[in-house]
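# Structural characterization, general
What follows is each chain in one-letter form.
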Amino acid sequence: LICKKKKKIPPGPRGLPLIGNLHMVGKNILHDLHKIAKKYGPIMSMRLGLVPVIVASSPYAAQQFLKNHDLVFSSRPYSEVSQYIFYDQRNLVSSKYGPYWRNMRKLCTLQLLSNAKIHSFQSMRKQELEILVDFLKQHRGVVVDLTDKISSFSANMSCLMIFGKKYMDEDLGINELVKETMCIAARPKLGDYIPFLGVFDLQGLSRRMKELAKPLDEFLERVIDEHLHKFSDKNQAKDIVDTLMAIMHSNEAEFEFDHRHVKAVLLDLLVASMDTSSTAVEWILSEVLRHPDVMKKLQNEMERVVGRNRMVEEMDLESLEYLDMVIKEGFRLHPVAPLLIPHESIEDCRVDDFHIRKGSRLLINVWAIGRDPNVWPEPEKFKPERFLECNIDLRGRDFQLLPFGSGRRSCPGMQLGLTIVRLLVAQLVHCFDWELPNGMIPKDVDMTEKFGLVLARAQHLMVIPKSYRLKFSQNKC
Ligand code: HEM
């Protein structure tokens, strides 16, 4: 008798025929996964439809997958949205691991999102921030929808950097198109989990995705066309379309690179940058508003380092240590991408004595890690000072804090995202004293989460810019 030793897979709940554990995850997938992981442990296996899924919920587990076995888990799963909207997975975010992704990633980090490129847009960021501060100054004493203001600030900045123009101001409905794309991308699709049901399109999502793809493609074609015919001003910073077009025309790319690739990358960057930084800023400001002592400490630091005679400049950011702790604490409690973006294993692999088969989907529950009492004392409390005693960083070196992921698939826009988040939080706290509307007290600020492609606030953040704190109305620096 040949007795085959059964391979040990990570523990997890038993699934039902066909749907597996799909019925166990509802609208609040983060809480659901967190609850199930409490029973089965930090490396847990499930089955969503026909897809094997591994959920990692501790720093140790995250390190196993994102560092020790990084290469094996560096791919992305197939999804209908990447097929219909992102040019058959030609974008960076959802492309499979392989030479194409490696080349695109290199292009992104070395050319599109390099430090030099980010620096070249510094004056544009300053200008946009002055417009926002001016608006708030004119609305002193009035209730302002800060969610809306921050979101359009971020959308305008993304557009200026990527396309060289604020397309959001033109009535093209592009903002709505991108928002709906993000909404659809976040909805669980039957076809992604039970592929043979995909053809029936029972939820009507494939049809809607195809409908959305058309105007998005027309918009991107129009942008490219305008760039082909535009008068080039040598003093103006080259936007990302310019850079991509130059690469395409030079024929220097060592991989296939045509209009479809340019459009896929443009859409990728737009979607990846538009809501991420603004959502982080909103959460961090909400926490600061709920904690007046933190607001005061931040303002004191700003007064000490920047002074009341001018606005915050990007060069100040490195010297703002308390701000740095506030930003880390904000990302700990409110990671924008709480499950990162799903990874997929490219071959069978052994992790911690468990067998994990090729084609498994990996979710890293960064949200649960940030709230784990074994890692963080009093995890529910917003306490930036906790970072005084520990030098945990948020750039992917420490697995307790992973807002940008870690390893090969970590966020290539981290430097840009962090610059925007730090600058915006610093500026709004430095320039204004804030008040809550309708006699609300700090602890009344609603912190309900809404899970989507990013983990956003369920309610818009409504606040009153009470008074302008600076002694000069123009930036004298
Ligand atoms: C606060 C802002 C941001 C946060 C918190 C954030 C977070 C993330 C996370 C968690 C991932 C997935 C990592 C993984 O799957 O392991 C990611 C991927 C990515 N991000 Fe960001 N991001 C931000 C801003 C940006 C910006 C500004 C850009 C570009 C303009 C960008 C471009 C990308 C791209 C292209 C990927 C996919 C990388 C790949 O699959 O190889 N991100 N980001």
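Residues numbered from 1 in each chain as written. Predicted model: local features only at pLDDT ≥ 70, side-chain atom pairs only at ≥ 80, totals over all residues. Heavy atoms only, no water.

## Some details on the packing of helix H10 (residues 205-229) against helix H11 (residues 240-250)
Relative placement of two packed helices is described by the angle separating their axes and the distance separating the axes. Worth spelling out the cut-off: For every element, the axis is a line fit to its C-alpha atoms; helices are fit only across the contacting stretch, and the angle between N-to-C directions ranges from 0 to 180 degrees. Only DSSP runs of H or I covering at least 4 residues are called helices, and only runs of E covering at least 2 are called strands; the numbering of each starts at the N terminus. Note on angle classes: values under 35 degrees are labelled roughly parallel, values over 145 roughly antiparallel, values of 65 to 115 roughly perpendicular, and the remainder oblique. Residue contacts are defined here by distance: any two heavy atoms, one from each residue, within 4.5 Å place the two residues in contact. Amino acids outside the nonpolar list (Ala, Val, Leu, Ile, Met, Phe, Trp, Tyr, Cys, Pro) and the charged list (Asp, Glu, Lys, Arg) are all regarded as polar, and Gly is one of them.
Closest axis-to-axis distance for the H10/H11 pair is 10 Å, and the angle between their directions is 75 degrees. Relative to H11, the element H10 is oriented roughly perpendicular. On the side of H10, the interface is formed by Val 223, Ile 224, His 227 and Leu 228, while H11 contributes Val 241, Asp 242, Met 245 and His 249. Each residue belonging to the contact of H10 with H11 can be placed in one class, and the counts come to five nonpolar, two polar and one charged.

## Side note on the pairing of strand E8 (residues 432-435)
Quick note on the threshold: Each residue gets one of three labels from its accessible area relative to the maximum for its type: buried under 20%, exposed over 50%, partly exposed in between, using a 1.4 Å probe on protein chains only. For two strands to be treated as a pair, DSSP must find no fewer than two bridges joining them.
Residues Phe 432 and Trp 434 line the buried face of E8, whereas the alternating positions Asp 433 and Glu 435 sit on a face that is not buried. Both E8 and strand E11 (residues 462-468) contribute to a ladder of four bridges, which runs antiparallel. Directly across from Asp 433, in E11, lies its bridge partner Ser 467.

## Description of the coordination of the iron atom of the ligand
Inclusion rule: Only nitrogen, oxygen and sulfur atoms count as donors, using a 2.8 Å cut-off from the metal that widens to 3.2 Å for Na, K and Ca. Water is left out, so coordination shells may look unfilled.
Donor atoms from the protein around the iron atom of the ligand number only one, Cys 411 (SG), found at 2.3 Å. As for its placement among the helices and strands, Cys 411 is situated in the loop between helix H17 (386-389) and helix H18 (414-431).

## Quick word on the pattern of salt bridges
Pairing of side chains with opposite charge becomes possible as their charged atoms draw close. This is how the line gets drawn: Any carboxyl oxygen of Asp or Glu within 4 Å of a side-chain nitrogen of Lys or Arg constitutes a salt bridge here.
Throughout the structure, instances matching the rule amount to 33 salt bridges. When the shortest N-O distance is used, the salt bridge between Asp 217 and Lys 263 registers 2.7 Å. Here Asp 217 is found in helix H10, whereas its partner Lys 263 is found in helix H12 (residues 259-274), with 46 residues between them in sequence. Across the salt bridge formed by Glu 329 and Arg 332, the nearest N and O atoms sit 2.8 Å from each other. In this pair, Glu 329 and Arg 332 both sit in helix H15 (residues 321-333), three residues apart, roughly one turn of the helix. This pair shows no difference in class: Glu 329 is buried, exactly as Arg 332 is. When salt bridges that share partners are traced, they join Glu 180, Arg 207, Arg 208 and Glu 211 into one network.

## Focus on the site of the ligand
Short version of the rule: Whether a residue is near a molecule or strand is decided by its heavy atoms; if any one of them lies within 4 Å of it, the residue is near. Any pair of N or O atoms that falls within 3.5 Å is considered a polar contact. Within protein, one atom must be able to donate a hydrogen and the other to accept it, and sequence-neighbouring residues count only if both atoms are side-chain atoms.
Lining the immediate environment of the ligand, one finds 26 residues, of which Arg 76, Arg 105, His 343, Arg 409 and Cys 411 sit closest. Contacts to the ligand include Arg 105, whose side-chain N or O atom sits 2.9 Å from an oxygen atom. Taking Arg 409, its side chain carries an N or O atom lying 2.8 Å from an oxygen atom of the ligand. Secondary structure elements with two or more residues in the shell around the ligand: helix H4 (99-112), H12, helix H13 (276-290) and H18. When its residues are assigned to classes, the shell around the ligand shows 17 nonpolar, six polar and three charged.

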